[in-house]
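Fold and contact review
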Amino acid sequence: RAKAPLRRFDAAALSASRCAQANPQFSIPWVLRTASLANLGRGEETRASAQRLLELWPSFTISEYLGSNFTGPERLAMFDEALRRAGLPEG
């Protein structure tokens, strides 16, 4: 049975920021950072992170990203909600 997400969004945002600094052209940390910041309600930072994500991955859509089913349904739903709040294209 899958464990429920811990919802440690502060730690997730910090880790994703560090990953993005280490490899600025890798888009996945920007997805994680954007979702974490959206879940924290940090609007301005969320918008800036989403903008950087779209600069790196212009064709990004939420449906395509979540369609890879990289985690369980509860976590996918959390990502879906957060990325929508961030204003990213739904696809």
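Above this note sits the structure.
Residues numbered from 1 in each chain as written. Predicted model: local features only at pLDDT ≥ 70, side-chain atom pairs only at ≥ 80, totals over all residues. Heavy atoms only, no water.

Points about the overall build of the chain
So the rule is basically this: Runs of E in the DSSP output that reach at least two residues are strands. Runs of H or I that reach at least four are helices, and both are numbered from the N terminus. We call two residues in contact when some of their heavy atoms are within 4.5 Å. Values of accessible area rely on a 1.4 Å probe in the Shrake-Rupley scheme; residue burial ignores everything except the protein chains shown. Counted as positive: Lys and Arg. Counted as negative: Asp and Glu. His and the chain ends are not counted at all. Here the site of a charge means NZ on Lys, CZ on Arg, CG on Asp, or CD on Glu.
Across its full length, the chain holds 5 helices and 0 strands. Put simply, the chain runs from its N terminus to its C terminus through helices and strands in the order α-α-α-α-α. Residue pairs in contact within the chain that sit at least 24 positions apart in sequence constitute 61% of those at least 6 positions apart. Roughly 5,600 Å² of accessible area belongs to the chain as shown, and the carbon and sulfur atoms make up 52% of that amount. Side-chain charges of the chain comprise 12 positive and 9 negative groups, with the mean position of each set lying 8 Å from the other.

Brief notes about helix H5 (residues 73-85)
The cut-off we apply is this: A helix is expected to span 1.5 Å for every residue after the first. Three exposure classes are used, based on accessible area relative to the maximum for each residue type with a 1.4 Å probe and protein chains only: buried under 20%, partly exposed in between, and exposed over 50%. This arc is built from the directions going out from the helix axis to the C-beta atoms.
Given a rise of 1.5 Å per residue, 13 residues ought to cover 18 Å, and the 18 Å separating the end C-alpha atoms of H5 matches this to within 8%. For H5, the set of buried residues is Leu76, Met78, Phe79, Ala82 and Leu83. All buried residues of H5 lie within an arc of 160° about the axis, which places them on one face of the element. Buried residues along H5 sit in contact with helix H1 (9-22), helix H2 (28-40) and helix H4 (62-66). Positive phi appears at Gly87, one or two residues downstream of H5, with a value of about 85°.

Focus on the packing of aromatic side chains
The criterion, for reference: In this scheme Phe, Tyr and Trp rings, the latter by its six-membered ring, pair at centre separations within 6.5 Å, and the angle between planes marks the pair as stacked below 30 degrees, edge-to-face above 60, and tilted otherwise.
All chains considered together, the criterion is met by 6 aromatic pairs. Judged by centre distance (5.8 Å) and plane angle (45°), the ring pair of Phe60 and Tyr65 falls under tilted. Across this residue pair, the class does not change: Phe60 and Tyr65 are buried. Grouping aromatic residues by their ring pairs yields a cluster made of Trp57, Phe60, Tyr65, Phe70 and Phe79.

Side note on the side chain of Arg33
Heads up, the condition is: Whenever a carboxyl oxygen of Asp or Glu lies within 4 Å of a side-chain nitrogen of Lys or Arg, that contact is scored as a salt bridge.
When you line up the elements, Arg33 lands in helix H2. Despite its burial, Arg33 remains without a salt bridge, the nearest opposite charge being carried by Glu45 at 4.3 Å. In contact with Arg33, other than residues within four places in its own chain, are Ala13, Ala16, Ser17, Glu45 and Ser49.

Quick notes on the side chain of Ser49
Looking at where Ser49 falls in the secondary structure, it is placed in helix H3 (residues 43-56). Residue Ser49 is classed as buried on the basis of its relative accessible area, which comes to 0%.

Details of unusual backbone geometry
Positioned with a positive phi, Asn69 is a non-glycine residue whose angle comes to about 50°. For Asn69, the location among the structural elements is in the loop between H4 and H5. Since its relative accessible area comes to 53%, Asn69 is described here as exposed.

A short note on the environment of Glu74
Note on placement: Glu74 falls in helix H5. Owing to a relative accessible area of 44%, Glu74 belongs among the partly exposed residues under this scheme. Through-space distance from the C-alpha of Glu74 to that of Gln25 is 29 Å; in sequence the pair is 49 residues apart.

Everything listed here is a matter of coordinates, which is why it stays silent on function.
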